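# Geometric and topological summary
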Amino acid sequence: MSELKFSRVWLSWSSKKNILAILIMLFSIIIIYSFISPLSLGAYVERIKVNLGSENTINNIPLLKNWIYGFRHLSNSGLEQTSSFEDTKNKESSSKIHETTYSSDTDMVTTNNVVYASNGEAEQTMTKNEFEEVEQDMNSRKRLLRRQCRQYSSELGNTTARYRTRQRFDLKHLVMYCENYKIGSSTWAMHFLHLNDIKVANKTPIHSFVKQLFPPLKRGNFRHAFLKKGTAFITVRDPFERLVSAFMDKLSINITRNDTTWNTFGKIQQKIKRNLREERRRGLVPTFQEFATYLANVLSPDPDVMSVDKVYANINNHWKPVYLNCAPCLQRYDIILKMETFSRDSLYLKQKLGLDIEVSYVRKGGRDGHIDQDRTLNMFNTVDRATRRRLFEIYKYDFVLFGYDWT
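The following refers to the structure shown. (Residues numbered from 1 in each chain as written. Predicted model: local features only at pLDDT ≥ 70, side-chain atom pairs only at ≥ 80, totals over all residues. Heavy atoms only, no water.)

### With respect to the side chain of Asn196
- The topology assignment puts Asn196 in the loop between helix 6 (185–195) and helix 7 (206–213).
- At 3.0 Å, the side chain of Asn196 and the side chain of Asp170 are in polar contact. (Helix = DSSP H or I, 4+ residues; strand = E, 2+ residues; numbered from the N terminus. Polar contact = N/O pair within 3.5 Å; in protein donor to acceptor, adjacent residues only side chain to side chain.)

### With respect to helix 17 (residues 385–394)
- Taken as a whole, helix 17 has its buried residues at Thr387, Leu391, Phe392 and Ile394. Buried residues in helix 17, looked at end-on, bunch into an arc of 160 degrees, giving them a common side. Pointing more than 90 degrees away from the buried face of helix 17 are the exposed residues Arg385 and Ala386.
- Against the buried residues of helix 17 lie helix 9 (239–251), helix 11 (288–298), helix 14 (322–325), helix 16 (373–380) and helix 18 (396–401).
- For helix 17, the N-terminal cap is Asp384; the gap from its side-chain oxygen to the backbone nitrogen of Ala386 is 3.2 Å. (Buried < 20%, exposed > 50% of the residue type's maximum accessible area, 1.4 Å probe, protein only. Arc of directions from axis to C-beta. Contact = heavy atoms within 4.5 Å.)

### Comments concerning the environment of Leu299
- With respect to the helices, strands and loops of the structure, Leu299 is situated in the loop between helix 11 and helix 12 (303–306).
- Between the C-alpha atoms of Leu299 and Ile394, which are 95 residues apart in sequence, the distance is 6.9 Å.

### Observations concerning the packing of helix 11 against helix 17
- Between helix 11 and helix 17, the shortest axis-to-axis distance is 9 Å and the interhelical angle comes to 50 degrees. Accordingly, the angle class assigned to the pair helix 11 and helix 17 is oblique. For helix 11 against helix 17, the interelement crossing comes out left-handed. Where helix 11 approaches helix 17, its residues Gln289, Ala292, Thr293, Leu295 and Ala296 are matched on the opposing element by Thr387, Arg390, Leu391 and Ile394.
- A per-class count over the contact of helix 11 with helix 17 returns five nonpolar, three polar and one charged. (Axes fitted to C-alpha atoms, helices over the stretch in contact; angles between N-to-C directions. Parallel < 35°, antiparallel > 145°, perpendicular 65-115°, else oblique. Left-handed = near helix turned anticlockwise from the far one by under 90°. Nonpolar A, V, L, I, M, F, W, Y, C, P; charged D, E, K, R; others polar.)

### Points about unusual backbone geometry
- Backbone geometry places Leu174, a non-glycine residue, at a positive phi of 55 degrees.
- Note on placement: Leu174 falls in the loop between strand 3 (167–170) and strand 4 (175–178).
- By relative accessible area, which is 5% here, Leu174 ends up buried.
- Located in the positive-phi region is Lys182, a residue other than glycine, with phi close to 70 degrees.
- Relative to the helices and strands, Lys182 is located in the loop between strand 4 and helix 6.
- For Lys182, a relative accessible area of 14% corresponds to the buried category.

Spatial relationships are all this shows, so hold off on functional conclusions.
Written out as structure tokens, the structure is:
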């Protein structure tokens, strides 16, 4: 009896040991994965926090699917020895994910995916001629960028590698975009969430949330494989229109110490009032002239100065130059979208890659909507010529790389 009892106790203890060993092994796998994966363990923890505090269901299944798709697409042949990510793709490694085809009887561009708007109705598509016309425009933009990058290679060849932190990778759809505030970044953040069936609660900080879900691939073979097989794009905008948009959205309003933006934009308003205000008036809200003078004083036209870590870190992302933020002379971008033709360009990208996005959707980030050319001219007419010239020198490379005229 005693031997039988001992045997039962031993079996019970052995089972517990086995279970404990399995749990330890699983925990070790999670810890190891958190270090080798581009997604940090912190992203999962933050995701859980959002889940617990949200009425909307935000589960980890879409995120897990995203990475499964990524590993499936980029494994095996995808991780073969590749050229550096700055190089142009070879012909065998096409940027297309879905082959674009044309219907003979309707002459409409279609893809392997049927795409519908959120109301269930099919969205407008481009004809073959329209699609080819936009593609020619896209190729012209890339040629201009390459030509200007060669011309200014000595000035732009040492841009800080911190631009990689601004890139958002969707592994499921093999698409990456570089995030530039005030240039359609909120709209494309929402597109990425929609593509992966992820819902967000109201007042969710959209950019930080998307960064957690689609984090940068900063280095390694996985990054090279993605950039060989996937599609990278960037959205650009007339630099001066972007400055007006940033001013109207962030600085033309009263900000108090109780506001969440006090430590960023509130303190900028305070600095401008203390150091640059020429006339006495109540409140912290600056004029556009004062804001322009502030930028002319704190930013430099020298890319080497702007690339210094301490300087770079102190430049607000809402007016950080695109050449610095996304390094288009170092990083290859397959498609260049422009805010001036944003809907058309987004439709082109949607059809080219077979993306299930609603092109008519544009997330309204600013309080007054998107800034037009007339408002920009009116605002800059209040700025003295010397300050305008200084701002052009600071944003010169955004003008010349993407074909904008500052006059």
